[in-house]
Amino acid sequence: MHAALIIDIAGTRLTDADRARLAHPLVGGVILFTRNWRDRSQLQRLCAQIKRVRRDLLICVDHEGGRVQRFRTDGMTHLPPMRDLGRLWREAPETRPGEAALAACNAATAAGYVLGAELRACGVDFSFTPVLDLDHGRSEVIGDRAFDGDARVVTVLAQALMHGLRLAGMANCGKHFPGHGWAEADSHVDLPVDERPLEAILSEDAAPYGWLSASLDAVMPAHVLYPQVDDRPAGFSRRWLQDILRGQLGFTGAIFSDDLGMAGARRLAGRELTYTEAALAALQAGCDLVLLCNQSTQQGGVALDELIEGLARAYYEGRWVPDETAEARRRALLPATPALAWDDLMCAPRYRHALELLP
């Protein structure tokens, strides 16, 4: 079965309802938030509970650094925003050309390693990072989450950060394809629009996805409308996901939808979709996995149950065909090596050196 759904849970331990949802064969993973965190020991127990339901469940989190970091206490390193790595590239003193860029890349690798190693020591498999958006100085929701405004700088620093993640045994996810940095609206509460032509987007914001096509394990499209390219937002657009991302740019990894609970995620052809309709639209456009977040705390998680039941009904009625290749891409994101225990990580020379390199 193609386990296409990534869902959330309400608290710091699993409930019977959580277990029932996570055991469903259409569910492929869980995304954690700050409400699921009390301390490291609790998070380790929670992750162990999840894996006891199904070993193949992918435990995910948005943990980028800066203002998007879900776990911040009990010894977790406060990672810098990615803009700090871009500033290190541009502003660090150097005696020879290129020294600042190399120092910034080394710091980015260190940040990726610390991020991945700490999460894995707590039982988390995967973080939705790095942000590949360009900082055009227009989008407040992106802002300092972006490395830089130059696609070349973003690409090289993201490559370095992804190398650090790999050293920690964690896969990566570039976001938000083809770029969220130009559109000013926040897709959490509105549908942003980027009016630029395809050529401008490909030459600037989408360029890192082509340059990193051999390195990216996963991509998350933006809940942004690009009307000169398609009349559907990128996450619902076969043109963006199949023709451009996979066909033109050569990407072969997993494609996640962004959170279908966001306002920008369910608006299509002038109307608001149900969660099931949005999930089907994303899957049929080319997403391998769809996220529905922050619903377990609302009305006992009825929206999650409706989505699971709705996708199952679509399968039985022949309106959705599970994809074995998509399922293989999901499973490829699971760590292939054992994680260091926290106490061992704290003593590891690579980890201690990485901490010293952070801006």
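These lines cover the structure that appears in this document, whether it is placed above or below. The shown structure was predicted, so the numbers you read here are calculated from the model rather than taken from an experiment.

## Considering the nonpolar core
So, step 1. By size, the foremost hydrophobic cluster in this structure holds 103 residues, and its most contacted members are Leu32, Ile50 and Phe177.
So, step 2. Of the residues forming this core, the biggest block, 12 residues, is contributed by helix α4 (residues 99-121).
So, step 3. Beyond its immediate chain neighbours, meaning those up to four positions away, isoleucine 50 contacts Ile9, Leu14, Leu22, Val30, Leu32, Leu57 and Ile59.
So, step 4. In terms of nonpolar packing, the next biggest core, distinct from the first, is built from 18 residues, Cys60, Met220, Leu289 and Leu333 among them.

## Structural notes on the environment of valine 68
So, step 1. Structurally, valine 68 is set in strand β5 (residues 68-69).
So, step 2. With relative accessibility at 11%, the residue valine 68 sits in the buried group.
So, step 3. Put simply, valine 68 and arginine 145 are 77 residues apart on the chain and 7.9 Å apart in space, counted from C-alpha to C-alpha.
So, step 4. Ignoring anything within four residues of it in the chain, the contact list for valine 68 reads Asp62, His63 and Arg145.

## Remarks on the pairing of strand β3 (residues 58-61)
So, step 1. Of the two faces of β3, the one holding Leu58 and Cys60 and the one holding Ile59 and Val61 are both buried throughout.
So, step 2. Looking at chain direction, strand β2 (residues 27-32) and β3 are connected through four bridges and run parallel. Opposite glycine 29, over in β3, you have leucine 58 as the bridge partner.
So, step 3. Crossover handedness for the path β2 to helix α2 (residues 40-53) to β3: right-handed.
So, step 4. Relative to strand β6 (residues 126-127), β3 runs parallel, the two sharing two bridges. Bridge pairing in β6 links cysteine 60 to phenylalanine 126.

Reading the values: the criteria
Residues numbered from 1 in each chain as written. Predicted model: local features only at pLDDT ≥ 70, side-chain atom pairs only at ≥ 80, totals over all residues. Heavy atoms only, no water. Core = buried A, V, L, I, M, F, W, Y, C linked by side-chain atoms within 4.5 Å. Buried < 20%, exposed > 50% of the residue type's maximum accessible area, 1.4 Å probe, protein only. Helix = DSSP H or I, 4+ residues; strand = E, 2+ residues; numbered from the N terminus. Contact = heavy atoms within 4.5 Å. Pairing = 2+ DSSP bridges. Right-handed = clockwise from strand over helix to strand, strands pointing away.

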